[in-house]
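Working through the structure, step by step
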Amino acid sequence: MAWNESGNGKNPWDRGRNDGPPDLDKIVRDWQQRLSTFFRGGRGGQRPAGPAGNPINAPLLGLVAIVVGVIWLATGFYRVDAAERGVVTRFGMYQTSTEPGLRWHLPWPIERVERVNINEVVPFKLQTRMLTADENIVVVDLVVQYRRADPVQYLFNVRDPEATLQDISESAIREVIGKNKLDFVLLEGRTEIAVQTEKLIQQTLDEYQTGMFVTKVNLQDANFPSQVEAAVQDAIKAREDKERVSFEAQAYANDVIPRARGEAVRRQQDSEGYRARVVADAQGEASRFTQLLAQYQKAPEVTRRRLYLEAMEDIYANSSKVLVDTAKGSNLIYLPVDKILEQNQNRRPAAGPNQPVQAPAASAAAEASTVTRDREDRRTREAR
Amino acid sequence: MNIRALLPFGILLLAWIASMSMFTVDERELAIKFRLGKIIQTEFEPGLHFKVPFINDVRKYPRQVLTQSNPQELFLTLEKKNLFVDFFVKWRIVDVGAYYRATRGDELLAAQRLIEIVKDGVRSEFAKRTVPQAVTAERRELLDDMLASARKNALTLGIEVVDVRVKRTEFPEQVSDSVFDRMRQERARTASELRAQGAEAAEQIRAEADRQRTVTLAEAYREAEKVRGAGDAEAAQIYAEAYRKDPEFFAFYRSIQAYRRSLGKESDLLVLDKDSEFFRYMERPDAGR
């Protein structure tokens, strides 16, 4: 029960001297008053009284006694920080709470002071695994911040209030989590859970009169246990996959549809072009025909023959020919058509495959048999 | 001289006797005053009190709310499942005389006996509930019924049960493993559902796109054919109008045009009858006359 037991190890005399004189007057008056009330209470045995009647030692003893007494009284000084309150007990009984500043109490063994920091917000962390209402297991990270709001209750009512708060917090968070389903805990329920937990903790703290005040409960993290982590990650990946596959399909659609539109326009344009061409061709040919017809009508016989001969001339000029005299000859003529064609082929190597042709027997009625087996020919006919 | 020399000893002796005849009781403490081993007073306010040295004896006990935790222990639920449960009891000495008589003032012993009393209650409460009920139920509600009887029993120890709280309710390891399995499966189910939904959406989008393409192209084809048809019709009309003027000449004109276009290529081989019109003058230059 030394004067420095409740303090922080500083010498109270030093503190007394360091503080300015204006306060001292009040303090001196204060302790004088206290002393007088104290001695009026009838317990005066503590005073270090010097034996007055001694002729030789009296002055010396008196001096020593006074010095000792002053020192003893000076041990009653203490300082309360701005954030603190001092709680004074006299012989163990609660006396008063003191505000910040330099204070004095009756020195040991009469009064004691304990200082409590009431403003400091103290956090502590809690990480535990627990069951949810739907019997899933969840890992929760909780931070509880508290303050020692009532120093008297804090000091006297509960042994080890911090441990008590820890117990209460753990019980409370489990109770709240136990009432909610996993998805709620993990997703939208965080703030609500924190609020409920805070309320529950405070309620219990008040019930025990711990003098503590919970300033904030923060549900920092609520997560799946590590044993399930891989599956959870896969589920998250699946969500991404879902998006990705959709996007891929969208990309496909974005590729296909404009192309189709383009193709549609191309068909449209092609058809318009075709129409224009066909009509123009028709007009051209019709015009040509009409003009020729006008001249033909003036000299039909000559024109007709001229046209015929010119056409035949062009045709015969370019192709291989075999002349057959049907009137004189036998019924069967052998024509080495393949040889002839081969010859032609050699002249124009790019031509198609030759086919042996058995020339039909030229009948008497035949005017001009044509053998046109070439593919090229067909192609030109198609293209007109 | 003698008296003067003894004076300091006298003062010390007095001080010692004074200190022996006084005791303090803290706000945090309860005290019992004994006279030769017999309890004579238990109600003490905090503060300074007196006693007779050597005859009176004083013992002090905590007045505060104390905590006793019970470590994890297996409890059976209604459906005979095991649950690991730990709880703590908040208690306080209210009747210090009874407390002293029942426990000799040994706090450990008292706490132990208190735990026995409370544990029975907790056990019976868990036996009444299924796991979800036990987990979900308000902890307070879970313990209220049980608290009534525990309170009564605890009072015989001079103890007030302030509160009983369950902290953990957990499955044993094997059960936890199966819970983890279930959770994993649930996640896997969600995952495959999500993937399937993704495939579904993707297929819809693709099919929609393909349909749109087909429709667009088909419509374009329809329109194109219409236009072609119109062109063909117009051309046919133009041709017909022109050729109608002299169908016979048209037949001739068109025929020789066709001969020109279809015959007379280098690769062609023409087998010709000398009797044709073209060769009329070849052997008989005067045939026309």
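Note: the structure precedes this text.
Overview of the structure. All values derive from a computational prediction rather than experimental measurement. (Residues numbered from 1 in each chain as written. Chains lettered and ligands numbered in written order. Predicted model: local features only at pLDDT ≥ 70, side-chain atom pairs only at ≥ 80, totals over all residues.)

A look at the overall build of chain B
Of the regular secondary structure elements, chain B holds eight helices and nine strands. Burial analysis of chain B (289 residues in total) assigns 27% to the buried set. Sequence separation of at least 24 residues holds for 69% of the intrachain contacts in chain B that already meet a minimum separation of 6. (Helix = DSSP H or I, 4+ residues; strand = E, 2+ residues; numbered from the N terminus. Buried ≥ 20, exposed ≤ 12 C-beta atoms within 10 Å, placed from the backbone. Contact = placed C-beta atoms within 7 Å.)

Focus: the interface of chain A and chain B
The interface of chain A with chain B comprises 108 residues on the first partner and 101 residues on the second. Split by residue class, the side of chain A that touches chain B holds 53 nonpolar, 23 polar and 32 charged. Pairing of strand β9 (residues 320-324) of chain A with strand β9 (residues 269-273) of chain B involves five bridges; the strand directions are parallel. Considered in β9 of chain B, the bridge of S320 of chain A is made with L269 of chain B. (Nonpolar A, V, L, I, M, F, W, Y, C, P; charged D, E, K, R; others polar. Pairing = 2+ DSSP bridges.)

A look at unusual backbone geometry
Note that the residue after W108 of chain A, namely P109 of chain A, is joined by a cis bond; omega there is 5°. By secondary structure assignment, the location of P109 of chain A is in the loop between β4 (101-104) and β5 (111-117). Phi angles above zero are rare outside glycine, and K80 of chain B is one such case at about 60°. Its place among the elements puts K80 of chain B in the loop between β6 (66-76) and β7 (82-93). With 7 C-beta atoms counted inside 10 Å, the residue K80 of chain B sits in the exposed group.

With respect to the environment of N153 of chain B
Residues and elements named next belong to chain B. For N153, the location among the structural elements is in helix α5 (residues 139-155). Overall, N153 belongs to the partly exposed group, with 17 C-beta atoms counted inside 10 Å. Note: C-alpha distance between N153 and L114 (39 residues apart in sequence) is 8.7 Å.

Concerning the environment of R28 of chain B
One can find R28 of chain B in the loop between β1 (22-25) and β2 (29-35). For R28 of chain B, a count of 18 C-beta atoms within 10 Å corresponds to the partly exposed category. Between the C-alpha atoms of R28 of chain B and P46 of chain B, which are 18 residues apart in sequence, the distance is 8.2 Å. Beyond its immediate chain neighbours, meaning those up to four positions away, R28 of chain B contacts F156 of chain A together with P62, R63 and Q64 of chain B.

A few points about the packing of helix α5 (residues 161-178) of chain A against helix α7 (residues 190-208) of chain A
All names here are of chain A. Running from N to C, α5 and α7 point in directions that differ by 140°, and their axes come no closer than 9 Å. The orientation of α5 relative to α7 falls into the category oblique. Along this stretch, α5 crosses α7, giving a crossing that reads as right-handed. Taking contact as the criterion, the partners of T164, L165, I168, S169, A172, I173, E175, V176 and I177 in α5 are, on α7, I193, Q196, T197, L200, I201, T204, L205 and Y208. Within the contact of α5 with α7, the residues separate by chemical class into 11 nonpolar, five polar and one charged. (Axes fitted to C-alpha atoms, helices over the stretch in contact; angles between N-to-C directions. Parallel < 35°, antiparallel > 145°, perpendicular 65-115°, else oblique. Left-handed = near helix turned anticlockwise from the far one by under 90°.)

Focus on the pairing of strand β3 (residues 93-98) of chain A
Residue and element names in this part refer to chain A. The sheet contact formed by strand β2 (residues 84-90) and β3 spans five bridges and is antiparallel. Note on β3: the bridge partner recorded for G86 is T98. Connecting β2 to the antiparallel partner β3 that follows it, the hairpin turn spans two residues, and F91 within it adopts a positive phi of roughly 50°.

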